[in-house]
Each structure stands twice: as structure tokens, then as C-alpha cells.
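What the coordinates show
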Amino acid sequence: MHDTTALLIELGAIILVLGLLGRLAGRVGFSPIPLYLLAGLAFGQGGMLPLEASEEFIATGAEIGVILLLLLLGLEYSASELVTSLKTQYPSGAVDFVLNAVPGAAAALLLGWGPVAAVALAGVTWISSSGVIAKVLGDLRRLGNRETPVVLGILVMEDLSMAVYLPILTALLAGVSLAGGALTLLIALGTVGAVLYLALRHGRLISRAVSSDSAEMLLLVVLGLTLLVAGIAQRLQVSAAVGAFLVGIALSGEVAEGASSLLTPLRDLFAAVFFVFFGLHTDPAAIPPVLFPALALATVTALTKIATGYWAARRAQISVKGRWRAGGTLVARGEFSIVIAGLAVGVEPRIGPLATAYVLILVILGPLAARWTEPLAGRLTVSRAAPAGAAGAIGAADAVEPAGTAGGDAVPAGR
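Reading the values: the criteria
Residues numbered from 1 in each chain as written. Predicted model: local features only at pLDDT ≥ 70, side-chain atom pairs only at ≥ 80, totals over all residues. Heavy atoms only, no water. Helix = DSSP H or I, 4+ residues; strand = E, 2+ residues; numbered from the N terminus. Buried < 20%, exposed > 50% of the residue type's maximum accessible area, 1.4 Å probe, protein only. Contact = heavy atoms within 4.5 Å. Areas by Shrake-Rupley, 256 points an atom, 1.4 Å probe, with all protein chains shown as cover. Salt bridge = Lys/Arg side-chain N within 4 Å of Asp/Glu carboxyl O. Axes fitted to C-alpha atoms, helices over the stretch in contact; angles between N-to-C directions. Parallel < 35°, antiparallel > 145°, perpendicular 65-115°, else oblique. Left-handed = near helix turned anticlockwise from the far one by under 90°. Nonpolar A, V, L, I, M, F, W, Y, C, P; charged D, E, K, R; others polar. Phe/Tyr/Trp six-rings, centres within 6.5 Å; stacked < 30°, edge-to-face > 60°. Core = buried A, V, L, I, M, F, W, Y, C linked by side-chain atoms within 4.5 Å. 1 Å grid on protein atoms, 1.4 Å probe; cavity = no way out; pocket = protein on both sides within 12 Å on 5 of 7 lines; lining within 4 Å. Points joined across faces, edges and corners; volume = space filled by probe spheres on them. Polar contact = N/O pair within 3.5 Å; in protein donor to acceptor, adjacent residues only side chain to side chain.

A word on the overall build of the chain. Summing up its helical and strand segments, the chain has 16 helices and 0 strands in all. Taking all 415 residues of the chain together, 48% fall into the buried category. The long-range fraction of contacts in the chain, counting pairs at least 24 apart against all pairs at least 6 apart in sequence, stands at 83%. Of the accessible surface of the chain, which amounts to about 18900 Å², a share of 67% is contributed by carbon and sulfur atoms.

Right, let's talk about the pattern of salt bridges for a bit. One side chain can pair with another of opposite charge once the charged atoms of both are near each other. In the structure shown here, the tally under the stated rule is 5 salt bridges. Of the charged contacts in the structure, one is a salt bridge between Lys 305 and Glu 158, with a shortest N-O distance of 2.6 Å. Taken together, the residues span a long stretch of sequence, with Lys 305 in helix 12 (residues 288–315) and Glu 158 in helix 7 (residues 148–173) at a distance of 147 residues. On the basis of relative accessibility, which here comes to 0%, the residue Lys 305 falls in the buried class.

As a packed pair, helix 2 (residues 33–43) and helix 11 (residues 253–280) sit with axes 7 Å apart at the nearest point and diverge in direction by 45 degrees. On the basis of the axis angle, helix 2 is oblique to helix 11. Where helix 2 crosses over helix 11, the two elements pack in a sense that is right-handed. Facing helix 2, whose interface residues are Ile 33, Tyr 36, Leu 37, Gly 40, Leu 41 and Phe 43, helix 11 presents Ala 272, Phe 275, Val 276, Phe 278, Gly 279 and Leu 280. Among the residues forming the contact of helix 2 with helix 11, the class breakdown is 10 nonpolar, 2 polar and no charged.

All chains considered together, the criterion is met by 3 aromatic pairs. A centroid spacing of 4.8 Å and a plane angle of 55 degrees characterise the contact between Tyr 310 and Trp 324, whose relative ring orientation is tilted. Residue Tyr 310 is found in helix 12, and its partner Trp 324 is found in helix 13 (residues 320–329); the two are separated by 14 residues along the sequence. Cluster of aromatic residues (ring-pair linked, three or more members): Phe 97, Trp 126 and Tyr 165.

Leu 37, Leu 70, Leu 71, Leu 121, Val 222, Ile 340 and Tyr 358 are the most contacted members of the largest nonpolar core, which has 101 residues in total. For this core, the leading source of residues is helix 11, giving 13 residues. For Leu 71, the residues in contact, after removing those within four places along its chain, are Val 222, Thr 226, Ala 244, Phe 245, Val 247, Gly 248 and Leu 263. With 12 residues, the next largest nonpolar core counts Val 150, Leu 152, Ala 313 and Ile 318 among its residues.

Take unusual backbone geometry next. Located in the positive-phi region is Arg 141, a residue other than glycine, with phi close to 55 degrees. Looking at Arg 141, the relative accessible area reads 74%, which means it is exposed. Phi is positive for Gln 317, which is not a glycine, with a value near 65 degrees. Relative to the helices and strands, Gln 317 is located in the loop between helix 12 and helix 13. Residue class for Gln 317 comes out exposed when judged on its relative accessible area of 68%.

Here we come to the layout of surface pockets. Which parts of space are left empty comes out when a probe the size of a water molecule is rolled across the atoms. Approximately 530 Å³ is the volume attributed to the second largest pocket. If you trace the second largest pocket, you find 23 residues lining it, with Glu 63, Phe 274, Val 339, Gly 342 and Leu 343 closest to the centre. Looking at the lining of the second largest pocket, the elements that each hand over two or more residues are helix 3 (55–75), helix 7, helix 10 (240–250), helix 11, helix 14 (335–344) and helix 15 (351–385). Per element, the largest residue contribution to the lining of the second largest pocket is 5 residues, and it comes from helix 3.

Bringing the packing of helix 9 (residues 215–235) against helix 11 into the picture now. At a minimum axis separation of 10 Å, helix 9 and helix 11 run at an interaxial angle of 80 degrees. Between helix 9 and helix 11, the interaxial angle falls into the category roughly perpendicular. Side by side, helix 9 and helix 11 meet where Ala 215, Leu 218, Leu 219, Val 222 and Leu 223 of the first sit next to Val 255, Gly 258, Ala 259, Leu 262, Leu 263 and Leu 266 of the second. Considering only residue class, the contact of helix 9 with helix 11 consists of 10 nonpolar, 1 polar and no charged.

A polar contact is formed between the side chain of Lys 305 and the side chain of Asp 96, at a distance of 2.8 Å. Once residues within four sequence positions are removed from consideration, Lys 305 is found in contact with Asp 96, Asn 100, Trp 126, Ser 128, Glu 158, Gly 327, Leu 330, Val 331 and Arg 333.

A separate point is the environment of Val 363. Topologically, Val 363 is positioned in helix 15. In sequence terms Val 363 and Phe 30 are 333 residues apart; their C-alpha atoms lie 8.3 Å from each other. Not counting residues up to four positions away in its chain, the partners in contact with Val 363 are Ser 31, Ile 33, Pro 34, Val 132 and Arg 333.

On to the environment of Val 210, then. Looking at where Val 210 falls in the secondary structure, it is placed in helix 8 (residues 178–210). The class of Val 210 is buried, set by a relative accessible area of 8%. Between the alpha carbons of Val 210 and Val 221 there is a distance of 6.8 Å; along the sequence they are 11 residues apart. When sequence neighbours within four positions are dropped, the list of residues in contact with Val 210 reads Leu 218, Val 221, Val 222, Leu 251 and Val 255.

Here it is in C-alpha cells:
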């Protein structure tokens, strides 16, 4: 009884604190992710109020949080949208990978962490935060801008890449042999291909089988199916997160919309718990030694993300202003970086503090970069070109940028 009482008190306190922090972040206009991480640091090892009774429950909640994050992400896309993005955006996805994964891998090798940690840190620096970026696009009223489909296309490519990357990372972390790793990758690719085929050919039948007029029944069926598939995927070393993502892709239409609205509050709750759990297992005293590497890595990869967005928007024939906006919007890192670091801390514990500091920096810098990259780039360009009399030419080039929502692109409100 005493343990149950302590568990309830600790969980109640944590959830209440998370709610208050979320409200504070909303008023300030920033993502609550850094505040959740700081809460975890305060409640965890070496923190002010270490938890004991609720740690096991929080660990389970964190696993569910990752699964729900990927499920809701999959529900945002149809299989046809993913296939179309794969056909049109793969060059941008390749540039994104090279420019942003390589710095993370290089940093891990320079720090002497070994090749497995290099693969993990490459993922941490590679994947942008879809949650933060979706919120920034809405807050800045850019959902109708011509560059927004380019931004979302890159994010879709990153999400698809996770279905291949996570099984590889999981196999490496488990110490699987080369043959075993190849088999895991083949299983992952085969599963992704099979799900996309079924969703394209028989998506309506799958959705009809899951559909229900009762919100309760729909919630139970979708959540139960997701946890079951995630568990099977984990057993096959494909990653529970990938299994959840594929369930989301397989559902479409009204079923996907209904499931998304029902599961969004659960996702928000357990995702917050996940960030707290990650902070719990990060010693605050371990962050200062890695603060400089984290700051250097954040600076480099903020610039490489801006370059990625600029290149992709230029390829799509977006004007100069739109290119800079696309680049600045992609800077934020968040949930995926923490998910990847959480998988890797068992092999290289120092990834945890570095990833925490890295995400804290970029999740705060991201919205600022989205807002100010284009104006700053414009001022710098004009000031450099002015002596040569080129300021007028730049203004003429930028005049083709549509005001507000030109282009007619139908862009979803979030991912």
C-alpha cells in the first residue's frame, strides 16, 4: 500500500508539473520539449528530487510514448503520398542525409566513441523535429507558402528513412552479426514494402475492418493493434517504433482522422513522459563536460539544415526568400533525436548528456531560425551587393515571391 501511495503521489506531481510547464511554453511561444527535459533532469539521477517509486512505471510509459509518436506520424500520411514523395523528393533526402548525418558521425568518431555510437549520433543530428516544425509553420502562418511543401517533403523522406535506419541501429546496438544485421534490414524493407503495397491496393478494406461508429471501440482496436504490431516488430528486431509507424500508414480516410483525434491526447501525455524519462536517466553533472561539443555540433548542423532547405527549395524553383525560409524552418531537432539517443545510451552513456544539450539548444534556436533566417540573409546579401549596385537586382529577383498563400499548395496542418 505504501508503494502504491508513493507511486500515485510521484506520478501526480510529475503530470501536474508537466501540465504547468506546457502552459508556460505555450504562453512564451516555444516547444515544451526543453522544459520536459529539464524536468527530467530535476527529478532524475543527481537532480533535486530523485524519484524511486514511479521509475518503472515511467519507463513503460516512455515506451508507449515513442510508439504513439510514430503511430500518429503514420496516420498523417497516406501510402500514395509517401510513394509520391519518395519519387520526387529523394534527391533532397539524399542531400539532407549527407549534410546532416555526417557531422554527427564525425563528431562521435572524433570523441572516440566508436562506430556504433557514430551511427547513433548521425541519426541524432540528421532528423528534424516534425512536431516543432509543424507548430512553427502554423504560428508563422506559412502553411500556404510555396516553400512549405518542400519542407514537408524533406520531413516525409526523413520519416521513411527511419523505417530503415531504426532496424539497422537496433541490430548494431544488440551486437548482431553482419549476416544477422542484413537479415534484419531485409525484414524491415520487406515489411515496409508489404505494408505500402497493402495500403495502396487494399487500404480501404483495412480501414473498413478497423472502423467503428463507437469512439471507444475505435480507440481500443487501433491502440491494441498498434501495441501488438509494435511488440511483434520488436521481437523481430525491426523496432517497435517502425511497427507503429506502419500501422499508421495502413489506416486512411475517416478511420485515420478519427483515430488521430482520439489518440492525440494520449500521445501528448506519454510523449511528455518519454522526455521526462530520458531526462531522468541523464545526470545533470554530465552535461557541462559535453556542452562545448554540443554547441559546436548544434552550430554546424543548424547551418547544414539551412543549406539543405535552401538547396531543396532552389531545386523546386522557389524564390530566394522562400529558400532561406525553408532552410531556417528545418533547424529544430527534438523527439526523434531523443528517441535515437535513448536507444543508444546503453552502448555509449555519454550520448545521453550530449543529445540532451544538443536538443535543448536547437529546440530553442529552431523557432528563432525559422523566423529570422530569411530577414538576416536578405540584409547580409543586400549589404554585400550594395557597393556593386546589385541591391536593386536582388529586390527584383525577390519580387516574384508570392505574398502569403500563393501557389495553391494544399499543405497539411501538422505531421
